[in-house]
Amino acid sequence: MREYIIAYGGSWIHFFIKPHVGLCSRKKNGFRFEEHKIILAGAAADFCVYSSGNRIHIVCQDQKGSVLYLLYDGTSWQKNILLQSKTAKPYNKNFVMTEISGFINLLYLVENKERVMLVHQVLHPGSSPQIVAYIKNDSVPFCVCSCPETDFYVYYKNENGTSCRQIYKWSQKKFLEPTILEDGLSIKFSTKLSDSEALIGIHETDNVKTLVYIKNNNEKSPVYRDLKGDIIPIISCYCEKQYMVWTEYGNIMSSCLQPDGKWSRPMQYAKSSSTEAKLYAICKNGIYEYYYGVSRENDITLYGTHDILKKPPEHIEHESIAKKISGPQKTEDLLLNQERQIKLLCDELSQQRQRLSDLSDRIESLLDSVSIADEETIDNVLLN
């Protein structure tokens, strides 16, 4: 089950489900996590946490399966019911939150008469859930990649087993018609890297599964052949290198993208056989990073990064530089913006030159008048 770590108020806060207790959090103080606090007693083991600015958003479910929305505004928690359960029991709804133009968009699963619905809902008063598609449920039933100011993409397999990509256009407030992907391909992870979209998929042919990396929806390269079992892969970046990480038979595996565009042979991280590998989603001012790691009594060790939790996070304002850089603005837009700034600077420089020229003329005029006055004075003195 995925757990969450957020940067909030200059500290790291870990959110997790404690068995027989509910949804809990604990704050890191120095090198250790403090004792946990109960956020929602009795919460089921399926939730999502998103933080942006001074707000913390949590979507979870109670023991009856009802979907709850918890909002922390910097001073207190508010609780709302998004969806009343008809099954009277919880099940994995695979909650995902993404922010578009300042609005939190929630996607999750709802079971209905042996069918599984992918549902979208904006976390805003008066908003109601809308059905996106009927899909096939597995370890990663769907994944989302967003452009924070414009739209987001959702990948899934429909109930017929066909892989699809569907775009939600924020300007139109609706999903466009789905695009059919390559036969035999299942998308398991998606993220935005610089100005391109990076995907991890599993391509199956003749009952042989191959883990593949896809860039810009068309450049596909194999990572690991003859994959066994169903995995949840992620992409993480460290020291300007990309790593693909997943678990296999309880072991944490990793492959690195080489300069020639090929992926290295998978290596196994060393860890104790008694510790369980967990997937951690780290949210820092609305931007997620993903790592596998292990949790101990007062500490968490993440693989693929050495010190992200060892130091407190910077206290970043809502409109951070990092978020602006990671946004959807295209290279052409950036160049155009730079050209506009250069033009403004040139105009300002031209105006300053004109002011300098006018000032120089005035100074020369003043000097001339002073010189004439001096000559007249001297003449008067001599004449007298």
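A quick note: this is a predicted structure, and the numbers were derived from the prediction, not measured.

## Focus on the overall build of the chain
If you tally the helices and strands in the chain, you get 2 helices and 29 strands. Here the chain, with 384 residues, has 42% of them falling under the buried criterion. A total of about 22200 Å² of accessible surface is found on the chain, and carbon and sulfur atoms cover 50% of it.

## Concerning the sheet that holds strand S9 (residues 77-83)
One open sheet accounts for 4 strands, arranged S6-S7-S8-S9; its pairing is antiparallel. The open sheet terminates on both sides in strands that have one partner only, identified here as strand S6 (48-52) and S9. This sheet shows a mean twist of 20° between the axes of neighbouring strands, independent of strand direction. Bridge count for S6 against strand S7 (residues 55-61) is 5 bridges, and the pairing is antiparallel. Looking at S7, one finds that Tyr-50 is bridged to His-57.

## What to know about the sheet that holds strand S11 (residues 103-112)
Each strand in a sheet pairs with its neighbour through backbone hydrogen bonds, running either in the same direction (parallel) or in the opposite one (antiparallel). Strand order across the open sheet formed by 4 strands is S10-S11-S12-S13, with antiparallel pairing between neighbours. Each end of this open sheet is capped by a strand with a single partner; those strands are strand S10 (96-100) and strand S13 (130-134). This sheet shows a mean twist of 30° between the axes of neighbouring strands, independent of strand direction. With 8 bridges connecting them, S11 and strand S12 (residues 115-122) associate as antiparallel partners. For Val-110, the partnering residue across the bridge sits in S12 and is Met-117.

## Some words on the environment of Arg-55
Within the element layout of this structure, Arg-55 appears in strand S7. In the structure, Arg-55 is positioned 17 residues away from Tyr-72 in sequence and 5.5 Å away in space, judged by C-alpha atoms. Setting aside residues no more than four positions away along its own chain, Arg-55 makes contact with Tyr-8, Tyr-50, Leu-71, Tyr-72 and Asp-73.

## Some points on the side chain of Lys-93
Positionally, Lys-93 belongs in the loop between S9 and S10. This buried residue, Lys-93, is left without a salt bridge; Asp-46 holds the nearest opposite charge, at 6.2 Å. Among residues more than four places away in sequence, those in contact with Lys-93 are Asp-46, Gln-61, Gly-65, Val-67, Tyr-108 and Leu-109.

## Structural notes on the packing of aromatic side chains
In this structure the tally under the stated criterion is 16 aromatic pairs. Between Tyr-8 and Tyr-72, the ring centres sit 6.1 Å apart and the planes meet at 70°, which makes this aromatic pair edge-to-face. Linking Tyr-8 in strand S1 (residues 3-8) with Tyr-72 in strand S8 (residues 67-72), this pair joins segments that are 64 residues apart in sequence. On the basis of relative accessibility, which here comes to 16%, the residue Tyr-8 falls in the buried class. Centre to centre, the rings of Phe-103 and Trp-170 are 5.3 Å apart; their planes meet at 35°, and the pair counts as tilted. Of this pair, Phe-103 sits in strand S11 while Trp-170 sits in the loop between strand S16 (163-169) and strand S17 (174-175); the two residues are 67 residues apart in sequence, bridging distant segments of the chain. With a relative accessible area of 31%, Phe-103 lands in the partly exposed category.

## Structural notes on the pattern of salt bridges
Taken as a whole, this structure holds 8 salt bridges when the rule is applied. As a salt-bridge pair, Glu-3 and Lys-278 come within 3.1 Å of each other at their nearest N and O atoms. Note that Glu-3 is positioned in strand S1 and Lys-278 in strand S27 (residues 278-284), a separation of 275 residues in sequence. Across the pair Glu-197 and Arg-165 runs a salt bridge, and its minimum N-O distance is 3.6 Å. Of the two residues, Glu-197 sits in strand S20 (residues 196-205) while Arg-165 sits in strand S16, which places them 32 residues apart along the sequence. One exposure class covers both Glu-197 and Arg-165, and it is buried. Because the salt bridges share partners, they merge into one network encompassing Asp-138, Lys-188 and Asp-230.

## Here we look at the side chain of Asn-94
As for its position among the elements, Asn-94 is in the loop between S9 and S10. Beyond its immediate sequence surroundings of up to four residues, Asn-94 is in contact with Asp-46, Leu-107, Tyr-108, Leu-109, Pro-141 and Phe-142.

## Side note on unusual backbone geometry
Of note, the phi angle at Glu-114 is positive, near 65°, even though the residue is not glycine. Considering the arrangement of structural elements, one finds Glu-114 in the loop between S11 and S12. One non-glycine residue, Lys-173, lies in the positive phi region at around 55°. For Lys-173, the position within the fold is in the loop between S16 and S17.

## A word on the environment of Gln-61
For Gln-61, the location among the structural elements is in strand S7. Given a relative accessible area of 1%, Gln-61 falls into the buried group. Distance from Gln-61 to Ala-44, taken between C-alpha atoms, is 5.7 Å for residues 17 residues apart in sequence. Discounting chain neighbours no more than four positions away, the residues touching Gln-61 are Ala-43, Ala-44, Asp-46, Ser-66, Pro-90, Tyr-91, Lys-93 and Phe-95. For Gln-61, the side chain forms a polar contact with the side chain of Asp-46, separated by 3.3 Å.

## Side note on the confidence of the model for the chain
As a general rule, the predicted coordinates of low-pLDDT regions are not to be interpreted in detail. In the predicted model, the chain carries a mean pLDDT of 82, and 80% of its residues have values of at least 70. Within the chain, the lowest mean pLDDT, 33, falls on helix H1 (residues 321-325), and the highest, 97, falls on S7. Predicted confidence is poor over residues 315-341, with pLDDT under 50, and the contacts of this stretch with residues over four places away or in other chains come to 26 contacts. Across residues 366-384, confidence stays below pLDDT 50; counting only partners more than four residues off in sequence or on other chains, it has 0 contacts.

Cut-offs and rules
- Residues numbered from 1 in each chain as written.
- Predicted model: local features only at pLDDT ≥ 70, side-chain atom pairs only at ≥ 80, totals over all residues.
- Heavy atoms only, no water.
- Helix = DSSP H or I, 4+ residues; strand = E, 2+ residues; numbered from the N terminus.
- Buried < 20%, exposed > 50% of the residue type's maximum accessible area, 1.4 Å probe, protein only.
- Areas by Shrake-Rupley, 256 points an atom, 1.4 Å probe, with all protein chains shown as cover.
- Pairing = 2+ DSSP bridges.
- Axes fitted to C-alpha atoms, helices over the stretch in contact; angles between N-to-C directions.
- Contact = heavy atoms within 4.5 Å.
- Lys, Arg positive; Asp, Glu negative; His and termini not counted.
- Salt bridge = Lys/Arg side-chain N within 4 Å of Asp/Glu carboxyl O.
- Phe/Tyr/Trp six-rings, centres within 6.5 Å; stacked < 30°, edge-to-face > 60°.
- Polar contact = N/O pair within 3.5 Å; in protein donor to acceptor, adjacent residues only side chain to side chain.
- pLDDT = per-residue confidence, 0-100.

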